[in-house]
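If you want the building blocks of each chain, they are given just below.
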Amino acid sequence: MRNIRPKKALGQHFLKDLGIAQQIAETLGAYRGLPVLEVGPGTGVLTQFLLSEGHDLTVVEIDNESIAYLHQHFPQLKERILSEDFLRLDLTKLYPDKFCITGNYPYHISSQIFFKVLDYREQVICCTGMIQKEVAERLAAGPGSKTYGIISALIQPWYDVEYLFTVDEHVFNPPPKVKSAVIRMTRNERKSLGCDEALYKKVVKTSFNQRRKTLRNSMKPLLGKEFPDYALPIFDKRPERLSIEQFVELTQIADQYLQTIG
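What comes next concerns the included structure.

What counts and what doesn't
- Residues numbered from 1 in each chain as written.
- Predicted model: local features only at pLDDT ≥ 70, side-chain atom pairs only at ≥ 80, totals over all residues.
- Heavy atoms only, no water.
- Buried < 20%, exposed > 50% of the residue type's maximum accessible area, 1.4 Å probe, protein only.
- Helix = DSSP H or I, 4+ residues; strand = E, 2+ residues; numbered from the N terminus.
- Pairing = 2+ DSSP bridges.
- Axes fitted to C-alpha atoms, helices over the stretch in contact; angles between N-to-C directions.
- Contact = heavy atoms within 4.5 Å.

Looking now at the pairing of strand E2 (residues 35–39). With five of its five residues buried, E2 lies for the most part within the structure. Side chains Pro35, Leu37 and Val39 of E2 all project onto a buried face; the interleaved residues Val36 and Glu38 project onto the opposite face, where all are buried too. Strand direction decides the pairing type here: E2 and strand E5 (residues 99–103), joined by four bridges, are parallel. Pairing of valine 36 across the sheet is with cysteine 100, part of E5.

The subject of this paragraph is the sheet that holds strand E3 (residues 56–61). One open sheet accounts for seven strands, arranged E4-E3-E2-E5-E6-E9-E7; its pairing is mixed. Among the strands making up the open sheet, the edge pair consists of strand E4 (81–83) and strand E7 (159–167). Put simply, the sheet's adjacent strands are angled 20 degrees from each other on average, direction ignored. As paired elements, strand E6 (residues 124–132) and strand E9 (residues 180–187) share seven bridges and run antiparallel to each other. In the strand pairing of E9, threonine 128 is matched with arginine 184. Of the strands in this sheet, E5, E6, E7 and E9 are in contact with helix H1 (residues 18–26), which crosses E6 at around 155 degrees. Across the sheet, helix H3 (residues 64–73) touches E3 and E4, and the angle it forms with E4 is around 160 degrees.

Printed below as a string of structure tokens:
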């Protein structure tokens, strides 16, 4: 581990605390029978506990130094060490059936990681790991919270999100400038949103682009000034007050109107 220097360009902050690594591995305790993909294993601090927990493990790493280290210290993984960019992986080819994802994620791409998980939600039934505390709070926030926002409203229709615990800076090399947190996202039973999914995403993003304004004002870039139903009670609300079901309702209203004007 001493021979590998964390690379700032890759957002590497190597976890040093073995107790925390073990706790992260234990977040997948209910899924021992399923394959697990670890994203960004680095020097394998988490990897060793995932293996000792008995998981069917594959790791994906973009850093050549870390890859060489993993091959040397985890020969039991052999061809299961993937020298790839996780964001470019076709996860369906890797796992045609259900699997889990975990990792000490690079903070600068953590949101992209979760949106990729969302794209494969029929296969990824559990996603756990460590991220920036601020992002973890946004993922888990409910309506009415100041941290409830776009990522909350896009992830929570499909995943139940748990904020598990906070992690201090000093357990990393180098220490990040922010606190971290461990989360668990568990796929729920929802099969359909009940509205146009692409439009739902557009509605969520449009409304939160001006989150301090009521929907009557924030939705004008999408619905226009001539939209006839701004008097409906839902448009009195600010976006952070809307539940997932209310965002679905808002999308249905928008869809009906947008279809009438072509």
